[in-house]
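Tertiary structure, described
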Amino acid sequence: MGNALPTNKEGEVWLMLYRKWGSKEDKVVTYTSSSREDVRILDKVKEVMKAHVIELFLSGNLSKEDARKLLQGINSFTKVDPSYEDVHEALEDHLIKTAGEAGGSIGLGRSRNDHVAAALRLEIREELMDLLEQLLDFRKMILKRAEENVNTPFVVYTHFQPAQPTTFGHYLLYVEEEVASRWSSIFRTLDLVNRSPLGSGAIVGTSVKLNRDRESNLLGFREVLVNTISATSSRADLISAVMEVVNLMLALSRVVEDMILLSSKFVGILELPDTHVSTSSLMPQKRNAVTMEVLRARVSRVLGYLTSIASTYKSLPSGYNLDLQEINPLFWEIIDETRTGIEVLHDLLSKVKVNEFKIDKEVLSTDEAEILAEKGMRYRDAYFAVAKAVREGKFSPTITPEQSIYRKAVKGSPSPERVRESISLARERLNGDENLLREYKNWTLKGEGELRLMENDILQEGN
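Residues numbered from 1 in each chain as written. Predicted model: local features only at pLDDT ≥ 70, side-chain atom pairs only at ≥ 80, totals over all residues. Heavy atoms only, no water.

Applied cut-off: UniProt positions are given in the numbering used here, feature names are shortened, and annotations may be inferred rather than shown by experiment.
An unreviewed UniProt entry lists the protein under the name Argininosuccinate lyase, from Metallosphaera prunae. Regarding the protein, the UniProt comment filed under Sequence similarities (unreviewed entry) reads as follows: "Belongs to the lyase 1 family. Argininosuccinate lyase subfamily."

**Topic: the pairing of strand β2 (residues 161–167)**
Here is the rule we go by: A strand pair is defined by DSSP finding two or more bridges across the two strands. A run of DSSP states H or I qualifies as a helix once it reaches four residues; a run of E qualifies as a strand once it reaches two. Both are numbered from the N-terminal end.
Bridging between strand β1 (residues 153–158) and β2 involves 6 bridges; their strand directions are antiparallel. Each residue of the ladder has a partner; that of T158, found in β2, is Q161. Counted between consecutive antiparallel strands, the loop separating β1 from β2 contains 2 residues, among which H159 sits at a positive phi close to 55°.

**Quick notes on helix α5 (residues 112–148)**
Formally: An expected span of 1.5 Å times one less than the residue number is assigned to each helix. Classification of residues uses two cut-offs on accessible area relative to the type maximum, computed with a 1.4 Å probe and protein chains only: under 20% is buried, over 50% is exposed, and between them is partly exposed. Under this definition, polar contacts are N or O atom pairs within 3.5 Å; protein pairs additionally need one hydrogen-donor-capable and one acceptor-capable atom, and for neighbouring residues in sequence, both atoms have to be side-chain atoms.
With 37 residues, α5 extends 54 Å from end C-alpha to end C-alpha; this agrees with the ideal 54 Å at 1.5 Å per step. In terms of residue burial, α5 counts as a mostly covered element, since 28 of its 37 residues are buried. A distance of 2.9 Å separates the backbone nitrogen of N113 from a side-chain oxygen at the start of α5, and that oxygen is part of S111.

**Here we look at a nonpolar patch on the surface**
Condition: Distance thresholds for patches are 9 Å for like charges and 5 Å for nonpolar side chains (Val, Leu, Ile, Met, Phe, Trp, Tyr), applied to residues having over 30% relative accessible area and no salt bridge. Every accessible area reported is derived by Shrake-Rupley at a probe size of 1.4 Å, with residue values counting cover from the shown protein chains alone. The salt bridge criterion pairs a side-chain nitrogen of Lys or Arg with a carboxyl oxygen of Asp or Glu, the two atoms within 4 Å.
A surface patch of nonpolar side chains, about 250 Å² in accessible area, is lined by I203, V204 and I229. With respect to the helices and strands, I203 occurs in the loop between β3 (195–196) and α7 (212–218). A residue is classified by how much of its surface remains accessible, and I203, at 31% relative accessible area, is partly exposed.

**Digging into the packing of aromatic side chains**
Put simply, the rule is: Two rings from Phe, Tyr or Trp (for Trp, the six-membered ring) form a pair when their centres sit within 6.5 Å of each other. Planes less than 30 degrees apart are called stacked, planes more than 60 degrees apart edge-to-face, and all others tilted. When the NZ atom of lysine or the CZ atom of arginine is within 6 Å of a ring's centre and also within 35 degrees of its normal, the charge is said to sit over that ring.
Counting across every chain of the model gives 10 aromatic pairs. On the numbers, 5.1 Å between centres and 55° between planes, the contact of F154 with F168 is tilted. Placement of F154 in strand β1 and of F168 in helix α6 (residues 168–193) is noted, with a sequence separation of 14 residues between them. Look at F154 and you get buried, because its relative accessible area is 1%. Ring geometry for Y157 versus F160: centroids 4.9 Å apart, planes at 20°, classification stacked. Exposure remark for Y157: the relative accessible area of 24% places this residue in the partly exposed category. The exposure class assigned to F160 is partly exposed, which follows from its relative accessible area of 39%. Taken together, the aromatic side chains of F154, F168, Y171 and Y174 make up a single cluster linked through ring pairs. The residue whose ring lies beneath R125 is F221, and the NZ or CZ to ring-centre distance is 5.6 Å. Over the ring of W443 we find R222, and its NZ or CZ is 4.8 Å from the ring centre.

Now the structure itself:
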């Protein structure tokens, strides 16, 4: 019994290629399996295996006939049986069973370590590009709404105390600029992620003469991640990418908080769309900002995922450790929560309304001090004179909130002229970002296109 093959709950033999010990009572059989989570990277694992097969053929380590059988086998692999330890084992066993003797060559010059690292990078590359595309749409909507609200009165806060008059268009440009900055940070991480670990084997490469640069090009990578230890065991590039994604969520969370607080009847400046609020089961007058409350909590969740990734990664020695497998699902959780959150916030900001409200005259205090300074008084003396009038209840501004806004002279301020200027600059920046992303996508598609051509050439010869 000690040498019996592991079995599943139906009593069938566990489909394990690399590890043959244990029994059906042995928890390690399922405890270390990542098969269910590997569904996320199934297509990328297949793509990486195709590049490996083609490289084995091009480097003279595999006949064209065997390459054809293996490529056909890869294409016929459509799901991961959870009885396997992981998707890589399942795919290799599938190829051994479907490609006959050719399947026995698939392990040549290959390790799960370099293949999973390549598949993860491909998946995260695609996820980041999709996220960046989504953010471009989000920014377009924000700029459109800013243009619609160039003259819509609004008040901004410091310490959540009314600070100075502005416009809703000016506030929306703040949101767009925050997102644009995070867009650039996420885009920069693409070059870190988009480097190929393929051909690095388990940790020190292989004696098989594989052309790593050619493999890299076939998968649309920008370059090779050179050192084989780093290529197989580092996840720092991926962590850098999701850190920037979480940073985006932190920035958006402040906007979410604004939506909750400014739509409260205590403040009453904003009116949220009906589809984003819910009443109480007992109090029929309530308009609770439920989508924003959930999104605020989800930001905390992704921050927790990032902390979990970092705390797992920090204590690992060099080289591959199975702990790395456990952080993979957290990458997807962060990206999925972020994309859903952006979708929800996009919808809300496209529909939120600014209510008519009475502006506290005290928010014009700074303007009055500046007016006195313009007339020759030292600013600090003017400041204290206005402060004294406010404290004594004698403050009476000489301008209106609208005039205050028009007086603002510096770049990026809320005067209509400056807001329109800012919108123009933001659109120019947005167009530049669109071009950058388009060029990047075209680069990856070019490499992937070469892989498809070579695959088709090998497959068609056998028909």
